[in-house]
Structure formats: C-alpha cells, structure tokens
Amino acid sequence: MSVLFFILFLPVNDFKLIGDSTYHYVFYALWFALLLYLFVRYQRRSLMHARRLLKEKELAFNEIERQRQELELKNRDITDSLVYASYIQQSMLPSELYFNKVLKDAFVLFRPREIVSGDFYWVRRSHDKIFVVAADCTGHGVPGAFMSMIGVELLNKIIIDQKIQKASEILYIMSKGIERTFSRGEEGSSTMKDGMDMGLCIIDTRKRTLDYSGAFFPLYVIRDKRIIEIKGDRLSIGLDTDSSFTSSSLELHDEDVIYMFSDGYTDQFGGPNNKKFMYRRFRHLLLTIHNFPMAEQKNILKESIIAWQRDNDQVDDQMVLGFRPMIGIKTPW
C-alpha cells in the first residue's frame, strides 16, 4: 500500500522518465487497483456486518420462539384452570333439568363471553313459593365469576337458611352482604367499586301472584300478545347499600310467559350496520316466538343472536330465562 500511494502521488514530471504513454497506463492501473482494494474491503466489511446482523436476528428469533413457547404453556395452564373453574361454577348453578323440574315449562339460554361467566341464575321452590333469580355481575370472566359464586352463596343463606320471602328485602340483604364481604377495617369501608344487577321474582303458586324486585334489571311478562314490563329500581347490589328496594306485585294468568335476561343479549353488536341488537328488536322477537315450545324458543334466540353477531366478538355474557309460571303448578312437590 505504501508503494501504491508513493507512486500515485509522485510529481507528474518524474514520470517523464518512463514516457507519457507509460505514465497513463501505470496511473490508471494503480487507481483501478486502489478502487478494487477499497471495494473488496467495503464488501468484506458489509458481509461481516450482515453476518453479525443475521446472527443477532437468529438469536432474537430463538429468544422470541422460546418466549412464545413459554407463553403458550402459561396460556394452556390458565385455560385449563379456567375450564376447571367453569366446572365449579356450573356445579353451583342449577342445571336446566332442575330448572324444568321447578318450573315445568322453561328454558335457560346461557352463553358466557369467556370460559367462566359474570351472569348467573338461581331457582328454588319452598312449599307454595318459587324463587327465580337472574343476575349480571359487573364485568365478566374471572372477576365476574367470583362475584357470581358469592351471589349464589348469599342467596342460599338468605332464602334457604334465613327463610326470607319478600323480594325487596332479599335484595336489600344481598346488597348488605356484598358490602360486608368486600369490607376491610373497623369502619367497614368497602374496597369494591363493582356490584351486580339482579332481578328476583317470587311466584306464589297458591295465590297465583308474582312479587318482583329488581336492581337495574327489568322483567317482561307477555300476556294477550303484549309485553308488560316491570322495571327494577335504579340501584345496584353491593353499591347502593343505604337504599331500600321496592317490590311490584302482579296477578298471574294461565297463559303468561315471563322472561328475565341480562343486557349482554341486547348489547351485542352486529347486523348489517354493525349496531347493537337493542331492546326494541328483542321485544319484537319475544312477541313473535312466545307461543312456541320453550325448547324451540331457546334455539331461535340462540340462532338469532349468533346470526346477528356475524364476525364480531361477543361483547358480554348473554343470559335469557323464559318460563310459563302457571304450567304444572298443581303437580305435587
């Protein structure tokens, strides 16, 4: 290299010793050699840099693959745990078979958004009275499922153990129970900012009456091809603990059909304009199918919401209970 640069930078007059023609050949040859050397050196460095980047990318890919496999394993463990938790939750909820044992003509449409659900239902019969509960816990998934199991336990304690039989009183005690469950400290201040919406109807089979109390939860009674809506109080279980709930009473007719439902069905996005299903469309659907057999109603409701949903994700847990309260009430219990 030193010889090369020496020759390149010699004074032009010094090349007169070898002639003009020879000077030009030597000059261009040396410049070509220099450029070739720089090119080869640049290519070599580029190749080394590319190899280094490739190695780094390979290491990064291996790390990403390792993390992906680790994440898949963790997700599988979480999913397995959720599936097992769903078995526990389902064991606490009455089966549809039991539901139809208490209410002779009924259906349960229960579609959790995730493996476990924040919606739950509950039914029991005590002598001449049938208690039917539908509830929607704030949130869904694991938090909602935990809240739902607490709600089921409280209902067992209040209705079965304490034998409270007034709808508004049951909701009030439920609300206090949720508050106590999540309270800490001597002052009993609750750490919870979530609660549950709930509807409770008590059917007196002897008097043929319905006693209903709701917390942000409506109840539909279809009679003579029209819907009687009983709206719940604008209070939430577990949050509005200092307020009392009200009850509504209704005399039942033989042909009455009752529906209790969470808002996951009406809030589902879909349809041609990707909008919510909405209550108006839901009421029209119920009016259309309410005379059908209960099993057929359930299938129509399920197929309708799936068709409406299209490619959208399910936005919330979905639950619809339907029953004819006066069917089979003379059957001995």
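Residues numbered from 1 in each chain as written. Predicted model: local features only at pLDDT ≥ 70, side-chain atom pairs only at ≥ 80, totals over all residues. Heavy atoms only, no water.

1. Description of the packing of aromatic side chains
The description of an aromatic ring pair uses the distance of the two centres, along with the angle that the planes make with each other.
Link 1 in the chain: Per the stated rule, a full pass over the model turns up 10 aromatic pairs.
Link 2 in the chain: Between the aromatic rings of Tyr220 and Phe282, the centroid separation amounts to 6.4 Å while the plane-to-plane angle is 35 degrees, which identifies the pairing as tilted. In this pair, Tyr220 sits in strand 8 (residues 219-223) while Phe282 sits in helix 6 (residues 279-289), placing the two residues 62 residues apart along the sequence.
Link 3 in the chain: The class for Phe282 is buried, based on a relative accessible area of 0%.
Link 4 in the chain: Feature note: the residues Tyr220, Phe261, Tyr265, Phe277, Tyr279, Phe282 and Trp308 constitute an aromatic cluster, connected by ring pairs.
Link 5 in the chain: Positioned above the aromatic ring of Phe277, the side-chain terminus of Arg281 is 5.6 Å from the ring centre. (Phe/Tyr/Trp six-rings, centres within 6.5 Å; stacked < 30°, edge-to-face > 60°. Helix = DSSP H or I, 4+ residues; strand = E, 2+ residues; numbered from the N terminus. Buried < 20%, exposed > 50% of the residue type's maximum accessible area, 1.4 Å probe, protein only. Lys NZ or Arg CZ within 6 Å of the ring centre and 35° of its normal.)

2. Looking at the confidence of the model for the protein
Atomic detail in the predicted coordinates should be set aside for any region of low pLDDT.
Link 1 in the chain: Averaged over the protein, the pLDDT score is 86; the fraction of residues at 70 or greater is 87%.
Link 2 in the chain: Between residues 2-10, whose pLDDT stays under 50, and residues either more than four places distant or in other chains, the model counts 11 contacts.
Link 3 in the chain: Across residues 14-18, where pLDDT falls below 50, the model places 5 contacts with residues more than four positions away in sequence or in other chains. (pLDDT = per-residue confidence, 0-100. Contact = heavy atoms within 4.5 Å.)

3. Overview of the side chain of Ser213
Link 1 in the chain: Within the element layout of this structure, Ser213 appears in strand 7 (residues 209-215).
Link 2 in the chain: Of the polar contacts made by the side chain of Ser213, one reaches the backbone oxygen of Thr246; its length is 2.8 Å.
Link 3 in the chain: Here Ser213 is in contact with Ala167, Ser168, Leu171, Met198, Gly199, Leu200, Phe245, Thr246 and Ser247, once residues within four sequence places are set aside. (Polar contact = N/O pair within 3.5 Å; in protein donor to acceptor, adjacent residues only side chain to side chain.)

4. Quick word on the side chain of Asp204
Link 1 in the chain: Mapped onto the elements, Asp204 comes out in strand 6 (residues 196-204).
Link 2 in the chain: The buried charged residue Asp204 lacks any salt bridge, with Lys207 as its nearest oppositely charged partner at 4.6 Å.
Link 3 in the chain: Engagement of the side chain of Asp204 in a polar contact is seen with the backbone nitrogen of Arg206, the distance being 3.1 Å.
Link 4 in the chain: Those residues in contact with Asp204 that lie beyond four places of it in its chain are Asp128, Lys129 and Thr209. (Lys, Arg positive; Asp, Glu negative; His and termini not counted. Salt bridge = Lys/Arg side-chain N within 4 Å of Asp/Glu carboxyl O.)

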